[in-house]
Amino acid sequence: MEQQKRYGHFDDNNREYVITDPQTPWPWINYLGNEDFFSLISNTAGGYSFYKDAKFRRITRYRYNNVPMDNGGRYFYIKDGDTVWNPGWKPCKTPLDFYECRHGMSYTRVTGRKNGVEASVLFFVPLKKWAEVQKLTLKNESNEVKNLKLFSFEEWCLWNAATDMENFQRNFSTGEVEIEGSTIYHKTEYRERRNHYAFYHVNTEIQGFDTDRETFVGLYNEFADPQVVMEGRPRNSHAHGWSPIASHYIEVTLKPGESKDFVFLLGYIENEQDKKFSAPQVINKDKAHALIAELDTTAKVDKAFAELCEYWDALLNIYKVRTGNDKLDRMVNIWNQYQCMVTFNFSRSASFFESGVGRGMGFRDSNQDLVGFVHQIPPRARQRIIDIASTQFPDGGCYHQYQPLTKRGNNDIGGGFNDDPCWLIFGTVAYIKETGDFSILDEMVPFDNQPGSEVTLFEHLKISMDHVIKNLGPHMLPLIGRADWNDCLNLNCFSWDPNESFQTTENVSEGTKAESLMIAGLFVVTGKDYVALCNKIEELKNGKIENFNSSTLKSFNFSAEAERMQKAVDAMIEAVKKHGWDGEWYLRAYDFYGNKIGSNECEEAKIFIESQGWCTMAEIGAEDGMVAKSLDSCKKYLECEHGMVLNNPAFTKYIYEYGEISSYPEGYKENAGIFCHNNPWVIIGECIAGRGNDAWSHYAKILPSYVEEKYQTLHKVEPYVNCQMVAGKDAFKPGEGKNSWLTGTAAWMWYTVSEFILGIKPDYDGIRIDPCLPETAGDYTVNRKFRDAEYEITIHPNGQQKGVKSVTLDGQKIDGTVIPYSAGKHTVEVVM
Ligand code: BGC
Ligand code: NOJ
């Protein structure tokens, strides 16, 4: 095989990915920030920042799909004699003597060297701070004195990222800044309804500045050769309208061997209504001064950075595996968990594929993401569940998305995705199993955020289940609505108008027979969980924990409810067996007219992955061999070199009755792409069936560290995280990755490996041990913090794929495979 070019490598000790060539096949990005203030940063320091919401509070401007790609960001220009260069190579692209970008856990360090000067910038957002720190260290490694001219650069966004890119007749007249010492303030629209402003500060005296973009760049110049920088002379421009920016100018003299730090701070401030101004037209800067004072020295910044590193140490110490296989360990211990945290924070809103203006938080997405981070930050998972449930409607349906800033459902997309309600069970059960906190069920949660409409969270779960039962079709299978998990299976859409959204259009839905086998499987899986939850509550009510506070739950008959739902689950299983089996695999759906989708009878797309995943996870018809046959069919028809495709064969033409799925060219996205998100469903199906070799081989195919070397060029996107889609076997270029970072794949890969492959499953009463491994697996150890306990669990697979023979807890053999929870440190030995 031809030697592939390499752009970087993992550094496991530092938990970093080290990029050694700035010209990666696509921008390889990282995320900064953990709570309110966030930034995206590429390996050449491109990207932008926002507060909470990438649409409504965009702090710096970014032009998506630009030419060249990824232009715009936080740039430092260093003028050394006639040479102008940037530490991250871009935008000047002056060849560097050395370049390195280290993406770490919520920080990025970019280092460049040129003509005896090293410039290294550490970017991070300190915990609990509304600011991005950029600590620049300049070092003279030459034998002569260096007189450098340093220019910083940020371009302000006029807050609303959508209108910022479209309403120029207004925008070019609204921009306003203030300059005070070494701080440039951005206060557009502050004079009217905004109570927030941003600033860009540096902790040293400056010798000049610029705040007007055209003055700084020059109308006929570019980021690569801004006229101010090229001439080495700031203009002290003051922006009025047009496009405000922030650039500091600093003259730096460095003796041989000398190094200097500069702390740049990009901050965001909100003021109370009556404290907005300190004088007419002058913004109140008290909070900005205070924030600057907290981060204005190298020592303070280093301390904040150490705190951030400790925060990540703690998060990544909760689940740690040692298998001796570096490729697996680094994904489990570092990158998969990191990606889960990023998806928790960003849902599907802002990446280099999601522009931040399109989508907020998804109802289904955020519930699924939860299994990826609930072990790390249970209180925030709890809040997330309440926020999500608050966007539900009284009939159990729900808004498909909500905005993080307002936490309100998005009206433009609305509801009608009939899988959505089930995911609330999925997320909530994961939370309770991890924490043992049943009290969340007792929380009062509104419908559609309407005060006065509150019922307990448990009742939200109940109506979620009922929503499925009340929306069954002619085969007693769930009606699909606008779509199920597959947003592109739009069976009531019937659109010939390219201006109609596939997602929100239901041109004909009256009398629909469109049913989903994916929802059927999902309903059985979450229904069983719901039944188990009800039974568990009943058990606890009878003694072990204090009863619920709310009167509805106090008097509620949970065992009758468990029985009721078990019947519905059994009925669904029967319906699938009767109407959902195609002979070799599960059908995917019935269309509007009641015709089969995903059947051998179909011309194209004879088999789909989603129903195989969910119905095998639900073990529907296992006793009749359906599960095994379905899993075999996935291998036979869906699997290819790069993973399993979503459907096979791909659609080759648009089908009016099916909607968006058939709109994509063959092999891409929902039309026979490898939608990484649902590969784990089949892998879990394999694990439940005990087929460890198969589970592992599917898993390794989409594990970033396994494809890292082979695909640095083919795969294109970041080798340290999963992407949503890899082009399938029918695509023009199979193996090409797209939509990196923000994908349910992260949480599902984590759930798969942590609970089903390595087999450490949180449960109500403790930790259930149930690994499913390839025969080649050796002994391994998992350190797992769980509530107030810490377990060191060593598994001896003995060549077995599945089946635990014995579990020894602190030297004592226990019955069964659940380690009963008790606080403190424990050692567990597991023999398979
Ligand atoms: C994409 C889906 C996505 C949907 C939601 C579609 O175009 O193919 O993956 O979930 O849009 O906006
Ligand atoms: C991406 C969406 O975020 C997710 O909700 C959906 O399930 C998949 N695409 C599949 O269409």
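Residues numbered from 1 in each chain as written. Chains lettered and ligands numbered in written order. Predicted model: local features only at pLDDT ≥ 70, side-chain atom pairs only at ≥ 80, totals over all residues. Heavy atoms only, no water.

What to know about the sheet that holds strand S40 (residues 789-796)
For the record, the criterion: What makes two strands pair is DSSP finding at least two bridges between them. Only runs of H or I of at least four residues qualify as helices and only runs of E of at least two qualify as strands under DSSP, and these elements are numbered from the N terminus. Angles here are taken between N-to-C directions and fall from 0 to 180 degrees, while the axes themselves are lines fitted to C-alpha atoms, restricted in helices to the stretch in contact.
The six strands lie next to each other as S22-S39-S40-S44-S41-S42, forming an open sheet whose pairing is mixed. Across the chains shown, the open sheet's two edge strands, defined by having one partner strand only, are strand S22 (319-322) and strand S42 (812-814). Neighbour-to-neighbour, the strand axes of the sheet open up by a mean angle of 25 degrees, direction not taken into account. The sheet contact formed by strand S41 (residues 806-809) and strand S44 (residues 824-831) spans four bridges and is antiparallel. Each residue of the ladder has a partner; that of Leu-809, found in S44, is Val-828.

Quick notes on empty space enclosed by the protein
As a reminder of what qualifies: Every definition here rests on a 1 Å grid over the protein atoms only: cavities are sets of points where a 1.4 Å probe fits but cannot get out, pockets are open sets enclosed by protein on both sides within 12 Å along at least five of seven lines, and lining residues have some atom within 4 Å of a point. Grid points are joined across faces, edges and corners, and a volume is the space filled by probe spheres set on the points. The classification used treats Ala, Val, Leu, Ile, Met, Phe, Trp, Tyr, Cys and Pro as nonpolar, Asp, Glu, Lys and Arg as charged, and all other residues, Gly among them, as polar.
One pass over the structure, following the stated rule, counts eight cavities of 30 Å³ or more. Estimated volume of the largest cavity: approximately 140 Å³. Lining the largest cavity are 17 residues; nearest its centre among them are Ile-702, Pro-704, Val-707, His-715 and Val-726. The residue makeup of the lining of the largest cavity, split by class, is 10 nonpolar, four polar and three charged. In terms of lining, the second largest cavity is formed by Thr-44, Ala-45, Arg-74, Tyr-75, Phe-76, Asn-86, Pro-87, Gly-88, Lys-90, Val-110, Val-121 and Phe-123. Elements with a contribution of two residues or more to the lining of the second largest cavity: strand S7 (75-80) and strand S11 (117-124).

Quick notes on the site of ligand 1
The condition that has to hold: Nearness here has a simple test: a residue counts as near a molecule or strand if at least one of its heavy atoms is within 4 Å of that partner. Polar contact criterion, stated in full: a pair of N or O atoms within 3.5 Å, where within protein one must be able to donate a hydrogen and the other to accept it, and residues adjacent in sequence count only if both atoms are side-chain atoms. For the area figures, the Shrake-Rupley method with a 1.4 Å probe applies, and any residue is considered shielded solely by the protein chains shown.
In the vicinity of ligand 1, the residues found are Arg-359, Asp-487, Cys-488, Gln-503, Glu-660, Tyr-664, Lys-669, Glu-670, Phe-675 and Gln-724. The separation between an oxygen atom of ligand 1 and a polar side-chain atom of Gln-503 is 3.5 Å. Glu-670 has a polar side-chain atom sitting 2.6 Å from an oxygen atom of ligand 1. Surface burial for ligand 1 is 80%, taken as the share of its 310 Å² of free accessible area covered by protein chains. Partitioned by chemical class, the residues of the shell around ligand 1 number three nonpolar, two polar and five charged.

Some remarks on the sheet that holds strand S29 (residues 596-597)
If you trace the three strands from one edge of the open sheet to the other, you get S27-S28-S29, paired in antiparallel fashion. Each of the sheet's edge strands pairs with one partner strand only, and the pair in question is strand S27 (515-516) and S29. Of the strand pairs in this sheet, strand S28 (residues 589-590) and S29 are connected by two bridges, and their pairing is antiparallel. Looking at S29, one finds that Tyr-590 is bridged to Lys-596.

Details of the packing of helix H15 (residues 609-617) against helix H17 (residues 679-688)
Put simply, the rule is: If an angle is under 35 degrees, it is roughly parallel; if it is over 145, roughly antiparallel; if it lies from 65 to 115, roughly perpendicular; otherwise it is oblique. A crossing counts as left-handed when the near helix is turned anticlockwise from the far one by less than a right angle, and as right-handed when that turn is clockwise. In what follows, a contact means two residues having at least one pair of non-hydrogen atoms within 4.5 Å.
Relative to each other, H15 and H17 sit at 30 degrees, their axes nearing to 8 Å. Taken together, H15 and H17 sit at an angle that is classed as roughly parallel. The two elements H15 and H17 cross, and the hand of that crossing is left-handed. Residues Ile-609, Glu-610, Gly-613, Trp-614, Thr-616 and Met-617 of H15 pack against Asn-679, Trp-681, Val-682, Ile-684, Gly-685 and Ile-688 of H17. Split into classes, the residues belonging to the contact of H15 with H17 amount to seven nonpolar, four polar and one charged.

Comments concerning unusual backbone geometry
Threshold: Classification of residues uses two cut-offs on accessible area relative to the type maximum, computed with a 1.4 Å probe and protein chains only: under 20% is buried, over 50% is exposed, and between them is partly exposed.
Between Val-67 and the following residue, Pro-68, the backbone shows a cis peptide bond with an omega angle of -5 degrees. Despite not being glycine, Trp-159 has its phi angle at roughly 75 degrees, a positive value. With respect to the helices, strands and loops of the structure, Trp-159 is situated in strand S13 (residues 146-159). Assessed through its relative accessible area of 0%, Trp-159 is described here as buried. A positive phi is found at Ser-347, a non-glycine position, where the angle reads about 45 degrees. Mapped onto the secondary structure, Ser-347 falls in the loop between helix H7 (326-346) and strand S23 (361-362). Look at Ser-347 and you get buried, because its relative accessible area is 0%.

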